[in-house]
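# Remarks on the overall topology
Chain by chain, the residues:
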Amino acid sequence: MKPCYQSRMMKALRREPVDCTPIWMMRQAGRYMQEYREVREKGTFLELCRNPERCAEVMLTAVEKLGVDAAIIFSDLLPILQEMGMELEFQKGEGPVIHNAILDASLEDNLRPLEDVDALGYVYETVRLTRAGLNENLPLIGFAGAPFTLASYAIEGRASRNYLGVKKMMYMYPESWDRIMSRLADALVAYLSAQIDAGADIVQLFDSWVGCLSPYDYDRYVRKYSQSVISRVKEHSPQTPFIHFSTGNPMLLPSISVAGGDCIGADWRIAPAEAWKMVGFDRAFQGNLDPAILLTTPQEIRFRVQKILNQLGDRPGHVFNLGHGVYPQTPVENAIELVKIVHELTAR
């Protein structure tokens, strides 16, 4: 049993009583931190993601500075697509661009099965180095993008407002859609399992783009693939907590919960009490402060944190987090203050 097994983060994920509510933040090592910007200036984003020493450095610095209750590896959702044949580039001002996107069903084989999970060895080394440098009582979170979100990038080729390409593939070419999603699900099982084997104590699945779907479309075209990933990773490592996070459409939460996860995360578009009710009280709940609140004042942050805590009461199983990642414009002092406020207001 790892020392972090009895940490407040791991206890909360098991819905056990804790001395105070644990908190970590998505994108907690990012452009809002001077230390990250200094490392980032030494190369491209993808070069950074492939440099385990620097990835570990930026996350360990963030954890120490913020005082959070968990670290998450510094990586990105998309490098796995590179190892599956996608020609990925992060363009300045554009974000990620895939140059051989699956623009129609005839191009489905542009996304190949992940033949060698060790091709992502730099991610596993990031896990090992971060775990080695982290306080043994703090858990480390590994992560991956969910099948739908990765398929959307692969098909759209870049950020999308209407997701017409991915929806057309789902509706008109269900056999191609199944092959694409099945390849991604198989790859993600191997990828997350390898992160656990390298030292990740918790894993999280990010379905960042799934909010474009209706509950019907999620249940018909998406749920079984995410469910397959979660159930097979849990078979590989039953003791490793699994967090399942989606954003954009709170009405998906009941189906997200059915797809699986020991803890279900929600964004700020729904009241936390309502979100947990929709998820089910047999799961832990993660969330869900609007990250824009961190652009305001300590007084407003305290007010908003208390508002969330008042709704959730003393039910065990809450992991405090933002409803999405920290914005680059965030004053780092406000992020530090958020952690202090959550710990202070929930001390038991």
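Scroll up to find the structure.
Conventions used here
- Residues numbered from 1 in each chain as written.
- Predicted model: local features only at pLDDT ≥ 70, side-chain atom pairs only at ≥ 80, totals over all residues.
- Heavy atoms only, no water.
- Axes fitted to C-alpha atoms, helices over the stretch in contact; angles between N-to-C directions.
- Helix = DSSP H or I, 4+ residues; strand = E, 2+ residues; numbered from the N terminus.
- Parallel < 35°, antiparallel > 145°, perpendicular 65-115°, else oblique.
- Contact = heavy atoms within 4.5 Å.
- Nonpolar A, V, L, I, M, F, W, Y, C, P; charged D, E, K, R; others polar.
- Pairing = 2+ DSSP bridges.
- Buried < 20%, exposed > 50% of the residue type's maximum accessible area, 1.4 Å probe, protein only.
- Expected span 1.5 Å × (residues − 1).
- Phe/Tyr/Trp six-rings, centres within 6.5 Å; stacked < 30°, edge-to-face > 60°.

## Examining the packing of helix 13 (residues 272–279) against helix 14 (residues 298–312)
The N-to-C vectors of helix 13 and helix 14 enclose an angle of 40 degrees; their axes lie 8 Å apart at closest approach. Between helix 13 and helix 14, the interaxial angle falls into the category oblique. Contacts between helix 13 and helix 14 involve Pro-272, Ala-273 and Trp-276 from the former and Ile-308, Gln-311 and Leu-312 from the latter. Classifying every residue of the contact of helix 13 with helix 14 by side-chain character gives 5 nonpolar, 1 polar and no charged.

## Let's talk about the sheet that holds strand 8 (residues 284–286)
With parallel pairing, 7 strands are arranged side by side in an open sheet as 1-4-5-6-7-8-9. The outermost strands of the open sheet, each flanked by one partner alone, are strand 1 (71–72) and strand 9 (318–319). Bridge analysis of strand 6 (residues 242–246) against strand 7 (residues 263–265) gives 3 bridges, and the strand direction is parallel. Within the sheet, the bridge partner assigned to His-244 lies in strand 7 and is Ile-264. Helix 13 contacts strand 7, strand 8 and strand 9 of the sheet and is inclined by roughly 140 degrees relative to strand 8.

## Some remarks on unusual backbone geometry
With an omega of -10 degrees, the peptide bond between Gly-287 and Asn-288 qualifies as cis. Among the structural elements, Asn-288 can be located in the loop between strand 8 and helix 14. Phi at Arg-15 is positive, roughly 60 degrees, even though this residue is not glycine. Within the fold, Arg-15 resides in the loop between helix 1 (8–13) and helix 2 (34–40). Relative accessible area serves as the criterion here: at 36%, Arg-15 is assigned to the partly exposed category. Positive phi, close to 60 degrees, is recorded for Arg-27, a residue that is not glycine. Following the sequence through the fold, Arg-27 ends up in the loop between helix 1 and helix 2.

## Some thoughts on the environment of Gly-248
Structurally, the position occupied by Gly-248 is in the loop between strand 6 and helix 12 (253–259). For Gly-248, a relative accessible area of 34% puts it in the partly exposed group. Through-space distance from the C-alpha of Gly-248 to that of Trp-268 is 9.0 Å; in sequence the pair is 20 residues apart.

## Thoughts on the environment of Ala-159
Residue position: Ala-159 is located in the loop between helix 7 (147–156) and helix 8 (164–172). Classification of Ala-159 as exposed rests on a relative accessible area of 61%. In the structure, Ala-159 is positioned 26 residues away from Gly-133 in sequence and 34 Å away in space, judged by C-alpha atoms.

## Digging into helix 15 (residues 332–345)
Here helix 15 contains 14 residues, and its C-alpha end-to-end distance of 20 Å stays within 8% of the 20 Å for a straight helix at 1.5 Å per residue. Burial in helix 15 covers these residues: Val-332, Asn-334, Ala-335, Ile-336, Leu-338, Val-339, Ile-341, Val-342 and His-343. Each element contacted by the buried residues of helix 15 is listed here: helix 1, helix 4 (52–66) and helix 14.

## Quick look at the side chain of Ser-226
Looking at the secondary structure, you find Ser-226 in helix 11 (residues 223–236). For Ser-226, a relative accessible area of 0% puts it in the buried group. Filtering out sequence-adjacent residues up to four positions away, Ser-226 remains in contact with Ala-146, Pro-147, Leu-205, Asp-207, Tyr-218, His-244 and Ala-259.

## Observations regarding the packing of aromatic side chains
In total, this model carries 12 aromatic pairs according to the counting rule given. Centre to centre, the rings of Tyr-36 and Phe-74 are 5.5 Å apart; their planes meet at 45 degrees, and the pair counts as tilted. In this pair, Tyr-36 sits in helix 2 while Phe-74 sits in the loop between strand 1 and helix 5 (79–82), placing the two residues 38 residues apart along the sequence. Each member of the pair Tyr-36 and Phe-74 is classed as buried. Centre to centre, the rings of Phe-143 and Phe-206 are 5.4 Å apart; their planes meet at 75 degrees, and the pair counts as edge-to-face.

## Observations concerning helix 6 (residues 121–133)
Compared with an ideal rise of 1.5 Å per residue, which puts 13 residues at 18 Å, helix 6 spans 18 Å between its outermost C-alpha atoms and is within 8% of the ideal. Burial in helix 6 covers these residues: Tyr-122, Val-123, Tyr-124, Thr-126, Val-127, Thr-130 and Arg-131. Looking at the buried residues of helix 6, the elements they touch are helix 3 (45–49), helix 4, helix 5, strand 4 (140–145) and helix 9 (174–198).

Spatial relationships are all this shows, so hold off on functional conclusions.
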